[in-house]
Each structure stands twice: as C-alpha cells, then as structure tokens.
Amino acid sequence: MSALTNLTIAQAGAGLSKGEFTARELTDDYLSAMEAARGLNAYIEETPERAQMMADASDARRTAGNAVGALDGIPLAIKDLFCTEGALSTAGSHILDGFRPAYESTVTQNLWDAGAVMLGKANMDEFAMGSANITSYYGPTLNPWKARSGDNAGKDLVPGGSSGGSASAVAARIAAGATGTDTGGSIRQPGAFCGIVGLKPTYGRCSRWGVIAFASSLDQAGPLARTVEDSALMLEGMVSYDPKDSTSVDLPVPNYAAALTGDIRGLRVGVPAEYRIDGTPSEIETLWQQGVHWLRDAGAEIVDISLPHTKYALPAYYIVAPAEASSNLARYDGMRYGLRVDGEDLAETYERTRAEGFGHEVKRRVMIGTYVLSAGYYDAYYLKAQRVRTRIADDFRAAWDSCDVILTPTTPNAAFALGEKQDDPIAMYLNDIFTVPASMAGLPAISLPAGLSGDGLPLGLHLIAPPFGEETLLRAAGVLESAAGFTAQP
Ligand code: GLN
C-alpha cells in the first residue's frame, strides 16, 4: 500500500491543491493497489484507461486554475448498480451480461462533474439483494479484515452486502471512496463489517435515475468512505434535484462538511428500548452504551425513547421489498438488453432467459413478491405490510418530539465467515434488523466504525435523523468518530 492510497479524500484533496502530487499519480497508485488486491474480488470491472483519462483531465483543469472542488481528481469505486455510460453495468447479475448503458446515472454524472475519477465497477449482491455479497454472479467479494481469534480466526470473511465490493474496496485502500445503495441496510451494514463509514441519505435526496431498481420506494444512493468528513464531501458531490426522478427532492444542497463543527451541546440523543434484542452479543450492547457515554460527555442530552413497532419492520420489509422487486424485475425478458436464451417461442425464450439469468436469491424474492401481490393475498400481506410501514414512520415522527437523533448499533454481529448463514435466508435477513426501520421510514442514517469485537473485527454505531437531517447526523457522527478514535486497519 502506497502512502497516497492511505490518504483520506480530504487529505488527498489538500495534497492535490498544494501540488504535492498529481491526480494521475494518485490514480496510478490506486490502479496498482487494485491489481495487487484482485483476490478480494471487489471489482466486477476495472476501468483503468478511463481512470487515467479522467485523472489527466483533472490535472489539466488544476493547472489551468479551474479545479472544481473537493472531489476533483479523487479516485472512486462505483457500485455496479449505477449505470455508467459505456462501462459494464450488471447489478451483479447474469441477466445483464454485457450491458453497457448509453447513459450515465445522475449520481455518477454529478460525481464526474465534481471532477471525480472512476476506478471501476464494484461487486455487489445480485440486484442488491443480500447482506454478504455472496449472491453476485461474479462471485463473492471478501472482507479485507480477518478475525485474530475465535471460530473464524484466519478464515475468509464476508464484507456485508449488498454494497460489499464498495465497502471492501474502500477499507482495503483500493478506492478513496465509493458509491453504494441502501434499500434496507446495504450501505450501513457493509460499512460496519469493513470498519468504514456508510451513509444512507433521506429518501429522495440522491436521484435514483440510472440506478438499477430493486425496491423503488426504499432504494437510496449514498457514500462509503473512511471518515465522516469524507462522507460529507462525497454526499455533497452526489446529491442534486433531478427532474428525471419524480421522488427527487428540490432542496438546496448544503455544504455538508461545514456541519462538522464538533459541537453537539444540547443535542437530544434518543436511545430506543426496542433495539435491545435478545441474543445480541454483549460486546454490541457494551459498544452501544459506550456510544451513549461519548455523546453525553460531549454535551448531548440522552433521552430514553420508544419505537413500539420496531419488531415488525423486518417482516414488513421482506414483503414490501420483494413485492416491488418482482415488479421492477419484470422488465428483464431477454428482448432489449443483456442475456437472451432462445426457446421454441416467445414465452419459452422469456422463461429460459429468466431461469438462467437470475440467481437463487433473486428468484426467491420474485416469487415472494408475486405471491404477496397476487389477488388472493394482496390484502393479507402487501396491504398489511404497507400499514405497518406507516406505523413505523409514525413511531419515528413521535420520537422527534423528544430527540434530534437516535443512536443504535448498526448490526447484531461482526462480519461472519464466507459460507456461514448461506443456507438460512432468515438468519441472513436478520443482519438488517437495526438498519431496516430507518429505511422503511425513508430517514437518513449513518454507520461509523466505533470499536473492535473481541475477535478483532470492526463494529459500527448507527445514528438516525429526521428527514433531511443529514447535517445533524454528520455532526453527531463526527463527535462519535473523534471519541472512538478508531484507527485500526485491515
Ligand atoms: N440485505 C437487505 C436485502 O437483502 C438489504 C439490501 C439492500 O439494502 N439493498 O434486501
């Protein structure tokens, strides 16, 4: 690992403006690091030539005195769910074989307009369905961390999912930052497993245009980065109002980094009783308590709160998300792009294409989704899940009367071994127990590395804020980050 790949985005930006190194040098260091770390399988496709071209363009802008901002010349990994013009965009699925979009997603376009450099497309769970990055057609991504003791000592660990390639790349220093998407936890959970920061913005804050859809009422793009400050810088580069996404919100884009004042005196931090779940390891509980102490020491006021419908969030999510997925994935029919497996007639061509093109987990979700939307079961499942979703959102709305942010653990466990939980979908789904409620309510939330498990693996703390409370979220996260002083590396 070179010294340059070890710099945060903020540090690299400062080095670039002072002329200590060029964007091309920084990019070339990342490209060699990527080559050396191919064993992680963090990228589906590397785009070295494009990266070098973008880096050279950045250097030319800087020389001419036209550097755009904090992201100019910063090399990023892009989750393969984002459509990138001319570059493979597969959503980790066989069914999108060879798909090279003719257009660029709004979020990635915003990043390129801000001067960022694309290193490649990051591996991910197929169509963002998963919590371990094991459902990708392109094979699993590995977590750069290893347990130093315990049952999993020395074993290959999962990076979390679905943005597992993004998280692994940032943690392994083969990307300075990465884009992710979060439908039920897919930015925050891999962030926690890989010891980095993962931020899911408010639903509607980042445009979904050009992001391959999983569950449209939940999907939201966000950054994965090594520090809270880097997350703020990336978020600012990603967010925009986009008329091409009808759920995009027309609000000014704040200077998020300016929110990191370190001052949270008087901030009311809610601690929800319902997140104390049987079977959660004591080290997670202890870290949560530690987080409460850190915030209190910094002048925050700690408030006990109740979110009574928390336990229904996960089951309701696993109705709503598959329902929307079954509808969104109906478009993959082998006719217009991606894989086609010819049959005797049109119907058989559809069947064969979808049978071969989709993996097990995607098929499971399409079947669950089709079932809960079917005439006989719509009221019993889908409608009921939507009602539960409203209750969950109401719980949070009531909570904001007494607190400004909510603190919880990010995950009920540290990263697990490759192969573990693989045959047990319920155990896998439980990974998102703490992240799903904020998704169901469309709220912004962040995970940051706050400590190590007894076996030496990163553990995350999770903050949730009211809609468009990203600045409060970042400010509180910044304080936790300083208090935790997490400097461990894989
Ligand atoms: N793990 C969850 C799922 O499999 C969340 C995925 C996501 O946020 N994209 O649905």
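Being a predicted model, the structure only gives us computed values, none of them experimental.

### Comments concerning empty space enclosed by the protein
Okay, so step 1: Counted according to the given criterion, the structure contains one cavity of 30 Å³ or more.
Okay, so step 2: The space that makes up the largest cavity amounts to roughly 70 Å³.
Okay, so step 3: Together, 13 residues line the largest cavity, and Ala128, Gly130, Ser186, Tyr317 and Asp432 are the ones closest to its centre.
Okay, so step 4: Here the residues of the lining of the largest cavity sort into five nonpolar, six polar and two charged.

### A short note on helix 5 (residues 164-171)
Okay, so step 1: Most of helix 5 is tucked away, with eight of its eight residues classed as buried.
Okay, so step 2: Those residues of helix 5 that fall on the buried side of the exposure criterion are Gly164, Gly165, Ser166, Ala167, Ser168, Ala169, Val170 and Ala171.
Okay, so step 3: Arg173, located one to two residues past helix 5, shows a positive phi value of around 60°.

### Brief notes about helix 15 (residues 470-484)
Okay, so step 1: The end-to-end C-alpha distance of helix 15 is 20 Å, a good match for the 21 Å that 15 residues give at a rise of 1.5 Å each.
Okay, so step 2: Every buried residue belonging to helix 15 is among Glu470, Leu473, Leu474, Ala476, Ala477, Gly478, Val479, Leu480 and Ala484, and all of these are buried.
Okay, so step 3: Looking one or two places after helix 15, you find Gly485, whose phi comes out positive at around 50°.

### Quick word on the site of the ligand
Okay, so step 1: Around the ligand, the structure places 15 residues, and the nearest of them are Gly184, Ser186, Tyr317, Arg365 and Asp432.
Okay, so step 2: Ser131 has a polar side-chain atom sitting 2.8 Å from a nitrogen atom of the ligand.
Okay, so step 3: Within the side chain of Ser186, one N or O atom sits 2.7 Å away from an oxygen atom of the ligand.
Okay, so step 4: When atom positions are compared with the pocket grids, the ligand is found to occupy the largest cavity.
Okay, so step 5: For the shell around the ligand, a count of residues per class yields five nonpolar, seven polar and three charged.

### Re the sheet that holds strand 5 (residues 197-200)
Okay, so step 1: With respect to topology, 11 strands assemble into an open sheet ordered 1-3-2-4-6-5-10-11-9-7-8, the strand pairing being mixed. Strand pairing shows two members of the sheet lacking a second neighbour, strand 1 (43-46) and strand 8 (301-305), which therefore form its edges. Between one strand axis and the next, the sheet turns by 30° as a mean value, whatever way the strands run.
Okay, so step 2: In terms of strand pairing, strand 5 meets strand 6 (residues 220-225) through two bridges, oriented antiparallel.

### A short note on the environment of Glu470
Okay, so step 1: Within the secondary structure layout, Glu470 lies in helix 15.
Okay, so step 2: For Glu470, a relative accessible area of 1% translates into the label buried.
Okay, so step 3: Put simply, Glu470 and Ala393 are 77 residues apart on the chain and 17 Å apart in space, counted from C-alpha to C-alpha.
Okay, so step 4: When sequence neighbours within four positions are dropped, the list of residues in contact with Glu470 reads Pro201, Thr202, Arg205, Leu235, Tyr256 and Pro444.
Okay, so step 5: Of the polar contacts made by the side chain of Glu470, one reaches the backbone nitrogen of Thr202; its length is 2.7 Å.

### Thoughts on the pattern of salt bridges
Okay, so step 1: Going through the model one piece at a time under the given rule, you end up with 18 salt bridges.
Okay, so step 2: The shortest N-O distance in the salt bridge between Arg352 and Glu348 comes to 3.0 Å. With Arg352 and Glu348 both in helix 10 (residues 346-357) and four residues apart, this pair spans about one turn of that helix.
Okay, so step 3: Residue classification places Arg352 among the partly exposed positions, given a relative accessible area of 39%.
Okay, so step 4: The exposure class of Glu348 is partly exposed, given its relative accessible area of 22%.
Okay, so step 5: Put simply, Glu361 and Arg365 hold a salt bridge, and the shortest N to O gap is 2.7 Å.

### Topic: a nonpolar patch on the surface
Okay, so step 1: On the surface, a nonpolar cluster with roughly 280 Å² of combined accessible area is contributed by Tyr371, Tyr377 and Tyr381.
Okay, so step 2: With respect to the secondary-structure elements, Tyr371 resides in helix 11 (residues 360-373).
Okay, so step 3: For Tyr371, a relative accessible area of 38% gives the class partly exposed.

### Side note on the pairing of strand 7 (residues 268-272)
Okay, so step 1: The element strand 7 is extensively covered by neighbouring structure, given that four of its five residues are classed as buried.
Okay, so step 2: Sheet topology places strand 7 next to strand 8; five bridges connect them, and they run parallel. Counterpart to Pro272 in the pairing with strand 8 is Ile305.
Okay, so step 3: Inspection of the sheet shows strand 7 paired to strand 9 (residues 405-409) by two bridges, in the parallel sense. Counted as the bridge partner of Gly270 is Ile406 from strand 9.

### A closer look at the nonpolar core
Okay, so step 1: Grouped together as the largest cluster of nonpolar side chains are 150 residues, with contacts concentrated most on Phe127 and Leu463.
Okay, so step 2: The element best represented in this core is helix 9 (residues 313-328), accounting for 10 residues.
Okay, so step 3: Residues in contact with Phe127, not counting those within four places in the same chain, are Ala91, Ser93, Ile95, Leu96, Ile212, Phe214, Leu329, Tyr332, Phe358 and Val362.

### A short note on a negative patch on the surface
Okay, so step 1: Among the surface-exposed residues, Asp151, Glu283, Glu420 and Asp455 lie close enough to one another that they form a single negatively charged patch.
Okay, so step 2: Residue placement: Asp151 occurs in the loop between strand 3 (117-122) and helix 5.

### Some thoughts on the packing of helix 9 against helix 11
Okay, so step 1: As a packed pair, helix 9 and helix 11 sit with axes 7 Å apart at the nearest point and diverge in direction by 100°. In this view, helix 9 runs roughly perpendicular relative to helix 11, as classed from their interaxial angle. Contacts from Tyr318, Ile319, Pro322, Ala323 and Ser326 of helix 9 reach helix 11 at Arg365, Val366, Ile368, Gly369, Thr370, Val372 and Leu373.
Okay, so step 2: Residues belonging to the contact of helix 9 with helix 11 are distributed by class as follows: eight nonpolar, three polar and one charged.

### Here's the deal with the environment of Arg389
Okay, so step 1: On the secondary structure map, Arg389 appears in helix 12 (residues 378-399).
Okay, so step 2: Looking at Arg389, the relative accessible area reads 13%, which means it is buried.
Okay, so step 3: The spacing of Arg389 and Cys83 is 306 residues in sequence and 30 Å in space, taken between C-alpha atoms.
Okay, so step 4: Discounting chain neighbours no more than four positions away, the residues touching Arg389 are Ser217, Leu218, Val320, Glu324, Ser439 and Met440.

Rules behind the numbers
- Residues numbered from 1 in each chain as written.
- Predicted model: local features only at pLDDT ≥ 70, side-chain atom pairs only at ≥ 80, totals over all residues.
- Heavy atoms only, no water.
- 1 Å grid on protein atoms, 1.4 Å probe; cavity = no way out; pocket = protein on both sides within 12 Å on 5 of 7 lines; lining within 4 Å.
- Points joined across faces, edges and corners; volume = space filled by probe spheres on them.
- Nonpolar A, V, L, I, M, F, W, Y, C, P; charged D, E, K, R; others polar.
- Buried < 20%, exposed > 50% of the residue type's maximum accessible area, 1.4 Å probe, protein only.
- Helix = DSSP H or I, 4+ residues; strand = E, 2+ residues; numbered from the N terminus.
- Expected span 1.5 Å × (residues − 1).
- Near = heavy atom within 4 Å.
- Polar contact = N/O pair within 3.5 Å; in protein donor to acceptor, adjacent residues only side chain to side chain.
- Sits in = over half its atoms within 2 Å of the grid points.
- Pairing = 2+ DSSP bridges.
- Axes fitted to C-alpha atoms, helices over the stretch in contact; angles between N-to-C directions.
- Contact = heavy atoms within 4.5 Å.
- Salt bridge = Lys/Arg side-chain N within 4 Å of Asp/Glu carboxyl O.
- Patch = residues over 30% accessible without salt bridge, like charges linked within 9 Å, V, L, I, M, F, W, Y side chains within 5 Å.
- Areas by Shrake-Rupley, 256 points an atom, 1.4 Å probe, with all protein chains shown as cover.
- Core = buried A, V, L, I, M, F, W, Y, C linked by side-chain atoms within 4.5 Å.
- Lys, Arg positive; Asp, Glu negative; His and termini not counted.
- Charge placed at Lys NZ, Arg CZ, Asp CG, Glu CD.
- Parallel < 35°, antiparallel > 145°, perpendicular 65-115°, else oblique.

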